Amino acid sequence: MKKTIKLLIATTAILLVIGVVSAANPADIFKAPSGLTASGNDTFVDGQNHNIQIFNYTDELYSKWFKNDSVFSISQYKNTKFFNKNYEKHYGILEIVEKDGNKYIIDSWTPKSPNELNVLKKNLEDFNNINNLTPIAV
């Protein structure tokens with residue numbers, strides 16, 4: 001009887017931990033726009049090497065990606081969106097959004113070229129529309 005109770009308590013604790021971990025996955029919180037599918041690592045892809053990747057907002061990521069001393073070359077693109085380019089051929093548009101009281105950095109990117117900006121912009125706009133998001137300034 002004692003072993004059964006211990007086993008039930010242990011099982012319940014494991015299920016709670018799994019539930020908390022899976023609830024923290026940003027890709028489970030957001031819907032993918034038409035043409036993109038989930039591919040792990042909080043990323044949606046379209047088969048053409050265009051990606052939307054979701055990151056939990058942190059001050060460290062903000063400093064790394066949005067400050068002038070960033071490893072990315074950042075330039076503002078419209079009010080709260082930033083075009084970025086780094087030396088490892090990562091071209092994209094970054095933005096910060098808020099959903100259910102949590103902030104996220106959304107990166108619509110491709111390793112192809114900066115000429116893909118219109119596709120990246122459309123993917124990001126579709127993502128925002130389907131998830132009822134508006135980029136915010138921090």
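Structurally, Glu88 can be placed in the loop between β5 (81-85) and β6 (91-99). Glu88 sits in the exposed class, given a relative accessible area of 70%.

What follows deals with the pairing of strand β7 (residues 102-110). Across the 9 residues of β7, 7 count as buried, placing the element largely inside the fold. Strand direction decides the pairing type here: strand β3 (residues 51-56) and β7, joined by 6 bridges, are antiparallel. Paired with Ile54 across the strands is Ile106, a residue of β7. Here β6 pairs with β7 via 9 bridges, running antiparallel. Of the residues in β7, the one forming a bridge with Glu98 is Lys103. Linking two consecutive strands that pair antiparallel, namely β6 and β7, is a turn of 2 residues; a positive phi of about 55° is found at Asp100 within it.

What follows concerns helix α3 (residues 59-66). For α3, the set of buried residues is Leu61, Tyr62, Trp65 and Phe66. End-on, the buried residues of α3 take up no more than an arc of 100°, which puts them together on one face. Opposite the buried face of α3, by more than 90 degrees, sit the exposed residues Asp59 and Glu60.

Per-chain confidence: the protein chain averages 78 in pLDDT, with 72% of residues scoring 70 or above. Within the protein chain, helix α1 (residues 2-23) has the poorest average pLDDT of any element, 47, and β3 the best, 94. Confidence drops under a pLDDT of 50 for residues 6-13, and excluding neighbours within four residues, the segment shows 0 contacts in the predicted structure. Overall, residues 15-23 carries pLDDT values under 50, and its contacts beyond four positions in sequence, including any with other chains, amount to 2 contacts.

Summed over all chains, the structure comprises 4 aromatic pairs. On the numbers, 5.5 Å between centres and 40° between planes, the contact of Phe30 with Phe127 is tilted. One end of the pair, Phe30, is in the loop between α2 (26-29) and β1 (37-38); the other, Phe127, is in helix α4 (residues 117-130), with 97 residues separating them in the sequence. Look at Phe127 and you get buried, because its relative accessible area is 0%. Centroid distance Tyr57 to Tyr62: 6.1 Å. Interplanar angle 45°. Geometry classified as tilted. Each member of the pair Tyr57 and Tyr62 is classed as buried. Taken together, the ring pairs connect Phe30, Phe44, Tyr104 and Phe127 into an aromatic cluster. Here Lys103 stacks its cationic end above the ring of Tyr57, 5.4 Å away from the centre of that ring.

Calculation rules
- Residues numbered from 1 in each chain as written.
- Predicted model: local features only at pLDDT ≥ 70, side-chain atom pairs only at ≥ 80, totals over all residues.
- Heavy atoms only, no water.
- Helix = DSSP H or I, 4+ residues; strand = E, 2+ residues; numbered from the N terminus.
- Buried < 20%, exposed > 50% of the residue type's maximum accessible area, 1.4 Å probe, protein only.
- Pairing = 2+ DSSP bridges.
- Arc of directions from axis to C-beta.
- pLDDT = per-residue confidence, 0-100.
- Contact = heavy atoms within 4.5 Å.
- Phe/Tyr/Trp six-rings, centres within 6.5 Å; stacked < 30°, edge-to-face > 60°.
- Lys NZ or Arg CZ within 6 Å of the ring centre and 35° of its normal.

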